[in-house]
Amino acid sequence: MTDTTNGSRPKRPVFTNIHVTQIVSYRLPPAGIVSILHRVSGLLMFLLLPFVIWMFDNSLTSEISYDSFTNAFVAGIGFVPAWFIKLVVLGLLWGYLHHFIAGVRHLWMDATHSVSKEQGHNSAVFTLVSSVLLTVLLGAKLFGLY
């Protein structure tokens, strides 16, 4: 314990919760961003699970259903345009890739037991960059750029 001149304890810092108006200016570290996006991507995949099951069913049932499945990406489905379906699939791609990479990051941190602030920062930045890069590459393929 540190010695003070008047014999009392040193003043401890006071931590308070942030107010809703401070959310925009609060600087969240990359590990916090990855944690929040991990939850968001899991929720996104859960909510779009009926769409995923529909896509899986139509792609495997028969040749005719596969043709209608691939045609949905060209002409759309009913009043839903093809670009919107591709955008939803792109969101699913990002959700899966981010959730998978962040999950591997958590497993790695649990398995090695060597977690430091620097390692957490570096692995969070790697997770963010790699999930966005892979999403851009697969999105370019989805939208027909190559």
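Everything that follows concerns the structure shown earlier in this document.
So, a few notes on the structure that sits alongside this text.

1. Things to note about the packing of aromatic side chains
- This model, assessed by the stated rule, comprises six aromatic pairs.
- Seen from their ring centres, phenylalanine 69 and phenylalanine 73 are 5.4 Å apart, and the 80° between their planes marks the pair as edge-to-face. Of the two residues, phenylalanine 69 and phenylalanine 73 both sit in helix H3 (residues 63-75), four residues apart, roughly one turn of that helix. For the residue pair phenylalanine 69 and phenylalanine 73, the accessibility class agrees, reading buried in each case.
- Where tryptophan 83 meets phenylalanine 84, the ring centres are 6.0 Å apart and the plane angle is 90°; that geometry is what we call edge-to-face.
- The exposure class assigned to tryptophan 83 is exposed, which follows from its relative accessible area of 54%.
- According to the relative accessible area criterion, phenylalanine 84 is partly exposed, its value standing at 39%.

2. Some points on the environment of phenylalanine 84
- Take phenylalanine 84: it is sitting in helix H4 (residues 82-112).
- As for phenylalanine 84 and phenylalanine 126, which are separated by 42 residues in sequence, their C-alpha atoms are 29 Å apart.

3. Some thoughts on helix H1 (residues 30-47)
- Given a rise of 1.5 Å per residue, 18 residues ought to cover 26 Å, and the 25 Å separating the end C-alpha atoms of H1 matches this to within 8%.
- Here H1 has its buried residues at Pro30, Gly32, Val34, His38 and Ser41.
- Buried-residue contacts for H1 involve H4 and helix H5 (117-142).

4. With respect to the side chain of histidine 38
- By the secondary structure assignment, histidine 38 is in helix H1.
- Among the residues examined, histidine 38 registers a relative accessible area of 19% and is labelled buried.
- Residue contacts for histidine 38: discarding those within four places in its chain leaves His98, His99, Ala102 and Gly103.

Conventions and cut-offs
Residues numbered from 1 in each chain as written. Predicted model: local features only at pLDDT ≥ 70, side-chain atom pairs only at ≥ 80, totals over all residues. Heavy atoms only, no water. Phe/Tyr/Trp six-rings, centres within 6.5 Å; stacked < 30°, edge-to-face > 60°. Helix = DSSP H or I, 4+ residues; strand = E, 2+ residues; numbered from the N terminus. Buried < 20%, exposed > 50% of the residue type's maximum accessible area, 1.4 Å probe, protein only. Expected span 1.5 Å × (residues − 1). Contact = heavy atoms within 4.5 Å.

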